[in-house]
Structure formats: C-alpha cells, structure tokens
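# Commentary on secondary and tertiary structure
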Amino acid sequence: MSAAESPAAGAWEWLARRSEAFVLPLAALLVGLLLFCVFLLFLGKSPLQFFDLMWRGGFGSWFSIQNTLSRAAPLLLAALCVALPARLGLVVIGGEGAIVLGGVAGAAVGHAFAGLPSVVGILGMALAGMAMGALWIGAVGALRHYRAVNETISSLLMAYIAIALMNHFVEGPLRDPASLNKPSTHPIDPAFAIGDIPGMDVHWGLIAGIVACVVAWVLIEKTAWGFSARIAGGNMRAAQVQGLAVGPLIVGFSALAGAFAGLAGVIEVAAVQGNANASIAAGYGYAGILVAFLARHNPLAIIPVAILLGGIDASGGLLQRRMGLPDATVQVLQGMIFLVILFSETFYGRFKAFNPDLWRRTR
Amino acid sequence: MEPADIGLWGVPLAILGGAIRVSTPFIFVSLGEAITERSGRINLGLEGILVFGAMTAYAIAVVTGSPWLGVLGAAGTGVLFGLFHGWICKFPKVNDIAIGIALMLFGSGLAFFFGKPYIQPSAPDLPALPLGFWSDIPQVQAALSVNVLFLIGAALSVALWWAFRNTRAGLVIRVVGDSGDAARAMGLNPNIVRLLATAVGGAFAAVGGAYLSLYYPGSWNEGISSGQGLMAVALVIFARWNPLGCFAAALLFGGAGALGPALQSVGVTQGYYLFYAAPYVLTLGIMIATSSRGRSLAGAPGELSITK
C-alpha cells in the first residue's frame with residue numbers, strides 16, 4: 001500500500017520530513033555541549049557543575065531570565081542581518097559595522113533633536129540608525145551584484161572601517177567634552193531613552209527584536225518578494241533566466257538586513273548606553289552569525305535560538321566566578337557549537353528516518 | 001643618540017620602516033592562504049589560527065626562554081588547526097567559508113582561554129638584524145632594523161613562486177585547485193591534497209601570529225590581531241594567487257597601516273582614527289577595482305568557492 005492511500009502513513013511521512021529541520025540542529029547542539037564537557041574533563045573541571053551553573057545563570061530564576069532576555073534583544077536583530085541575505089545565498093558577516101554606525105547615527109539624532117517630543121525623537125533616532133545600517137549593508141549587496149565583490153570579505157572589511165569611523169566621531173567631531181575617561185558622544189535627550197517593559201527589567205528592544213523577526217518571517221514566507229528571494233537563493237542563474245530582477249532583490253534584502261542591524265545599534269544607545277561610545281562594538285554582530293546559522297536562517301527560529309545564546313552568555317559571569325574559568329569560556333563553547341552545527345549540514349537528507357522515499361524503496 | 005632633525009623626510013622613512021615591521025604577519029598569512037586557495041579551498045579561519053599561534057608562541061617562549069621554540073610550537077598548532085579545517089571541509093554540503101568563520105571564533109576563543117595567564121609575564125623577543133648600520137641617522141637605523149622572520153618570509157615568497165611553476169607538488173596543487181575532476185582523472189586525490197595544503201597554510205598563519213606576539217608589537221593580549229588573518233584573504237585576491245604578489249601586497253598594506261603613526265609623528269593629528277581604516281579602505285578599493293561582473297578573476301583557481 002502506498003503512503004498516499006493511508007492518511008495515517010501520510011501524517012507520519014509529513015512529520016518525518018518536517019522533523020529533520022528540528023532534530024538535526026538540536027542533536028548538533030547536544031553534541032557541541034558534550035564536546036565541551038570533554039574539554040572541561042581534560043581541564044579537570046566538573047561538567048555537571050558547569051551545566052548547573054549555566055542553568056542557574058541563564059534560566060534558573062526570574063532575575064537570570066530577565067538577564068538572558070536583555071542579552072537576547074540585540075542578538076535577534078543582529079541575526080536577522082545574517083539570515084536575510086543568507087536566503088539569497090549571501091554570507092554577510094559584517095553586521096557589526098551596521099550596528100556601530102547605526103548607534104552613532106542614532107546618538108547624533110538623539111542629541112540634535114533634544115527638546116522635541118519624545119515620539120519624534122525616538123522615531124528620528126530609529127530611522128537614522130536604520131537608514132545608516134541600510135546604506136552600509138546595502139552597499140555590500142550592491143558591490144556584490146554590480147561588481148561581483150565577494151560579500152563576506154567586503155562586509156568584514158567595512159566592519160573594520162565602520163569601527164574606525166565610530167572612533168573618529170566619538171573622539172572627534174561628536175565628542176562630548178565632558179566625557180573624560182571614556183570618550184563618548186553627547187548624551188541623547190533623556191526623554192528619548194527606551195524604558196523597560198512594564199513589570200520586567202528588560203527594555204523594549206526585546207519586543208522590537210521579536211516584532212522584527214516576525215515581520216522578516218512574513219516577508220520571506222508570505223510575500224511575492226520573499227518568494228522571489230527564495231528562488232534566487234536556490235539558483236541565481238535560473239532566477240535570472242526567469243526574468244527576476246535579481247539586482248534590486250539582492251540590494252533590497254541586504255539593505256533591509258542592514259536596517260535591522262542599525263536598529264540594534266540605536267537600541268543599544270537608547271536603552272543601555274545613553275550615548276555612543278566604544279562599548280557599542282560589543283561583538284553582537286559576530287554572535288548574530290552563530291544565531292542565524294543555528295536557526296538555519298529562519299527568522300522565527302531566531303527567537304528561541306537568540307534566547308538560548310543569550311542564556312549561555314548571561315551565565316558567563318557565574319561560570320567565571322564559581323569555576324575559576326576565564327571569560328573566554330563562553331566563546332570556546334560557542335565556537336564548538338558553531339562548528340558542530342555547520343558540520344551537521346552534511347547529514348541533511350542522509351538519514352533514513354527523515355526520508356520517507358527511502359522507506360518505500362527498502363520495503 | 002639624539003634623533004636628528006630630518007623634517008618631512010621622516011614620513012616616508014617611517015612608512016618604509018612601518019611597512020617592514022607591520023608587513024611580516026601579512027606575508028606569512030597571505031602566503032599560507034595562497035597555498036590553501038591554490039588547492040581550491042578557502043580558510044577564513046586563518047584569523048583564529050593566527051591568534052592562537054601568537055598565544056602559543058608567546059607561552060612557549062615564556063616557559064622555555066627560546067623565541068624560536070615558540071615559533072616552532074606555533075607552526076605545530078597551525079598544522080593541527082589546518083588539518084581540522086581540511087578534514088571537516090571534505091564532507092559534502094559543508095560550507096568552507098562558514099566553517100572558516102566558526103574556526104575564527106573558536107581559535108581566538110581558545111587562545112584567550114589558555115592565554116589568560118600569559119598576559120603579564122614577558123617573553124624574549126625574536127632577534128632583529130641592524131641593516132641600517134651604515135647610516136648614523138637614528139631614524140634610518142630604526143627603520144632598517146629588520147626582523148629575521150621578515151627575511152624568511154621574503155625568501156619563502158620567492159621559493160613558493162618558483163615551486164608553483166617548476167615542481168611536481170606545485171603542479172599537483174594547481175591542478176586540484178583548478179578542477180577536481182581533472183585531478184581525479186590524473187589519479188590524484190583532491191581531498192588529501194587540499195588537506196595538506198590547508199595544514200601548511202595553517203602553519204604559515206600561526207608563524208605570522210608568532211611574529212606579532214614575539215616581535216611587533218611584542219606582547220600577548222586579546223587585541224593582538226586586528227583582522228590581519230582576514231585581510232590576507234583579500235590580499236591574496238589582489239595578488240592574484242601569486243606568492244611574489246603576496247609579498248608586494250603585504251608591504252603595501254604594512255605601509256598603509258604605518259601611515260597614521262607616521263603622520264602623527266610629524267604633527268598631523270587630524271582624523272587620526274581615520275588612518276586606522278587606511279588598510280581596510282585600500283583593500284576594499286582594490287577589490288572593487290579588480291572585480292568585475294562579466295568575467296571571473298584572472299588567475300583564480302577554478303574550484304574556489306569565493307570567486308564562483
């Protein structure tokens with residue numbers, strides 16, 4: 001009896017095909033954690049204590065959950081900056097540049113608009129940061145399409161240029177003379193500061209990030225534009241032959257990705273720092289790469305993954321104090337997980353359990 | 001000796017000196033990347049290997065008191081990282097660019113993890129040859145105090161350039177890089193060739209890192225590399241996968257990096273931080289100028305995923 005004739009078997013097949021996208025990343029995550037345990041055993045540390053501390057530091061109490069969510073907020077937007085171009089087959093890894101310059105642009109507007117109604121100020125900051133980010137990563141997309149410059153390298157070079165520009169502005173033209181030890185721009189009008197979500201110790205940036213992920217998901221999965229992007233991502237040549245305007249698609253998706261990263265920078269300025277300074281180059285852009293790959297570039301999957309990574313990040317301090325591990329421990333763990341996740345790509349389509357076509361052939 | 005007043009001549013001299021000092025890691029990393037890319041694979045993880053090499057070299061030099069043992073140890077870890085990258089990339093559907101990014105995070109993470117205790121103690125430096133002995137102007141002497149690794153790098157560039165053209169190993173790497181199918185038809189195993197090429201590339205990058213921690217700037221800390229390993233990738237494209245070109249490009253980059261400090265020394269401080277961006281702007285400009293939509297890059301290995 002073939003599968004199509006029996007609804008029950010059909011459901012099983014559907015489940016099997018669908019589960020691959022969840023089971024493989026989860027298994028990879030688990031293997032990454034196990035490898036890290038081996039690493040800890042070599043150092044004579046207890047893996048059990050590690051997991052215990054990680055749970056307590058990341059998710060064990062209301063305090064640690066709020067800490068985790070705060071750290072997840074910028075990761076959501078930073079990951080979108082990788083995930084959106086990835087749907088077109090582009091590996092953009094320089095989101096950090098858009099975050100940093102978005103923050104500087106936001107801070108400049110937040111100072112210049114001082115005294116205006118806070119709605120105008122906040123909107124102005126957000127728009128300035130998003131425009132800056134869109135310009136930055138949009139340029140990467142344009143270079144890729146019109147000059148065939150590899151986007152991975154160009155985005156990374158531009159991230160270094162962006163950080164130099166930030167230092168220039170923060171130390172030079174935009175510097176607040178009152179900031180002595182820690183050079184920073186003039187503070188934004190306090191009325192433009194983004195506060196906390198009522199009842200929580202987490203700022204509104206988390207909501208902005210979640211909304212952005214949902215919007216990005218709708219865009220990719222439910223619109224004609226997203227459909228074209230998925231086609232182009234599958235096979236650029238075929239899309240061109242079909243008459244799709246690949247150029248605007250690439251530049252548009254890159255610009256939108258950059259706009260999200262720029263918004264992350266603005267939120268960092270408006271909710272955490274209060275001005276632009278060297279701390280806004282905190283590496284969220286790079287952590288976002290890991291989040292996007294773990295989520296397999298699915299904007300909705302980015303939400304749980306960012307929270308998970310935020311939790312690992314949040315427990316770093318506790319690990320340092322209680323187990324005497326250096327602060328780079330979290331980076332080692334993330335690197336291991338990242339490597340295993342990428343390696344797991346090779347297993348897609350290879351396991352019989354996920355592939356009903358193979359069931360039938362062997363029956 | 002009192003510094004002689006040589007006025008604006010100080011600028012080109014400081015740039016020359018800076019180019020020689022700053023370019024050495026670029027020479028090694030780009031030669032390593034050139035070997036790897038010629039075999040048809042790309043390793044963005046060289047950045048992480050460079051940082052880990054810097055840490056290993058420094059730690060070994062502190063413990064044993066010999067900087068050369070440090071360089072050797074760094075090369076060893078570079079080989080291990082290279083073998084790992086080469087092994088993991090041979091599996092189908094594994095993206096070598098993404099693995100490189102992961103290796104970059106992992107390598108620098110491991111280096112910071114194990115390198116924490118070595119931030120304080122000081123290690124013996126690699127020796128430098130005073131090639132400026134003929135002059136009695138201190139600035140000239142300072143500019144021409146050339147580290148041995150720079151000379152080794154220069155010699156290696158020539159040797160590799162010759163080897164790619166004239167030896168069987170060079171031919172094998174080129175064939176594998178241009179067409180895996182052709183290589184298989186010749187009875188070669190592309191995976192093994194790429195594995196070895198990636199391992200050698202890793203060793204080169206780690207030696208470049210050793211130069212950073214053992215000579216210039218000459219200490220180990222977490223900010224030791226500012227993307228040298230990544231810029232090497234762009235540098236190799238600029239050099240058209242030619243080892244001699246890598247050497248010239250590395251000198252150019254070193255000079256661009258030395259521009260800011262050189263101008264500052266004669267009192268030009270306007271836009272000081274912008275000069276830090278000079279090497280990156282230069283790289284990007286060169287990439288834009290040399291890339292084109294219509295044709296693939298001249299001299300690019302056919303199997304290279306970055307030029308497809």
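Every chain's residues receive numbers from 1 upward, in the order its sequence appears when written. Chain A is the first chain written and ligand 1 is the first ligand written, with later ones labelled in order. The predicted nature of this model means local features are confined to residues of pLDDT at least 70 and side-chain atom pairs, given and counted, to a pLDDT of 80 or more, with totals for whole chains, interfaces and linings taken over all residues. Note: side-chain values were computed over all heavy atoms of the structure, leaving out hydrogens and water.

Going by the annotation in an unreviewed UniProt entry, the name recorded for chain B is ABC transporter permease, with Zavarzinia compransoris given as the source organism. UniProt positions are given in the numbering used here, feature names are shortened, and annotations may be inferred rather than shown by experiment. Under the UniProt heading Subcellular location (unreviewed entry), the note attached to chain B is "Cell membrane".

Labelled according to an unreviewed UniProt entry, chain A appears under the name ABC transporter permease, originating from Zavarzinia compransoris. Of the comments in the UniProt record for chain A, the one headed Subcellular location (unreviewed entry) reads "Cell membrane".

Another point: the overall build of chain B. In this text, helices come from DSSP runs of H or I with a minimum length of four residues, and strands from runs of E with a minimum of two, each type numbered from the N-terminal end. Secondary structure assignment for chain B yields 13 helices and 2 strands. The globule rule puts the C-alpha radius of gyration for 308 residues at 19 Å, and the 20 Å found for chain B is close to it. Each residue gets one of three labels from its accessible area relative to the maximum for its type: buried under 20%, exposed over 50%, partly exposed in between, using a 1.4 Å probe on protein chains only. Each of the 308 residues in chain B was classed as buried or not, and the buried ones make up 56%. Put simply, 76% of the contacts in chain B that link residues at least 6 apart link residues at least 24 apart. His is not counted, nor are the chain ends; Lys and Arg add positive charge and Asp and Glu add negative charge. By convention, charge coordinates are those of NZ in Lys, CZ in Arg, CG in Asp, or CD in Glu. The average position of the 15 basic charges and that of the 12 acidic charges among the side chains of chain B differ by 16 Å. Our radius of gyration is a C-alpha quantity, and the globule rule it is checked against amounts to 2.2 Å times the number of residues to the power 0.38. Residues count as neighbours in contact if any of their non-hydrogen atoms are within 4.5 Å of one another.

Taken together, the contacts link 45 residues of chain A with 46 residues of chain B. Around 4000 Å² of area is buried between chain A and chain B when both sides are counted, 78% of it from carbon and sulfur atoms. Accessible area, probed at 1.4 Å, shrinks when two parts are joined; the buried area is that loss added up over both. Its largest share of buried area at the contact with chain B, chain A owes to Leu157, Tyr160 and Leu339 of chain A, together 15% of the area lost on that side. Salt-bridge detection follows one rule: a side-chain nitrogen of Lys or Arg within 4 Å of a carboxyl oxygen of Asp or Glu. On the surface where chain A and chain B come into contact, there are 1 salt bridge.

Before going further, it helps to spend a moment on the UniProt feature "transmembrane region" (unreviewed entry) in chain B. In the UniProt entry, the feature "transmembrane region" (unreviewed entry) is given for residues 6–32, 44–62, 68–88, 97–119, 139–164, 192–214, 246–266 and 272–290 of chain B. Annotated as residues 68–88 of chain B, this span is 100% helix and 0% strand, and its ends, taken at the C-alpha atoms, are 31 Å apart.

A few words on a nonpolar patch on the surface. Patches here: salt-bridge-free residues with over 30% relative accessible area, like charges joined within 9 Å, nonpolar side chains (Val, Leu, Ile, Met, Phe, Trp, Tyr) joined within 5 Å. Values of accessible area rely on a 1.4 Å probe in the Shrake-Rupley scheme; residue burial ignores everything except the protein chains shown. Taken together, the side chains of Val38, Phe42 and Leu43 of chain A together with Phe114 of chain B define a hydrophobic patch exposed on the protein surface, amounting to about 390 Å² of accessible area. Relative to the helices and strands, leucine 43 of chain A resides in the loop between α1 (7–42) and α2 (47–58). On the basis of relative accessible area, leucine 43 of chain A is assigned to the partly exposed category, the value being 32%.

If you walk through the whole model with that rule in mind, you get 11 salt bridges over all chains. When the shortest N-O distance is used, the salt bridge between arginine 56 of chain A and aspartate 52 of chain A registers 3.0 Å. Pair noted here: arginine 56 of chain A and aspartate 52 of chain A are both in helix α2, with a separation of 4 residues, about one helical turn. Its salt-bridge partner being aspartate 327 of chain A, residue lysine 116 of chain B comes within 3.3 Å of it at the nearest N-O pair. One end of the pair, lysine 116 of chain B, is in the loop between α4 (96–115) and β1 (128–130); the other, aspartate 327 of chain A, is in the loop between α13 (316–323) and α14 (329–344), on a second chain. Note on lysine 116 of chain B: relative accessible area 36%, which makes it partly exposed. In this structure, a network of salt bridges that share partners links the residues Arg87, Glu221 and Arg230 of chain A.

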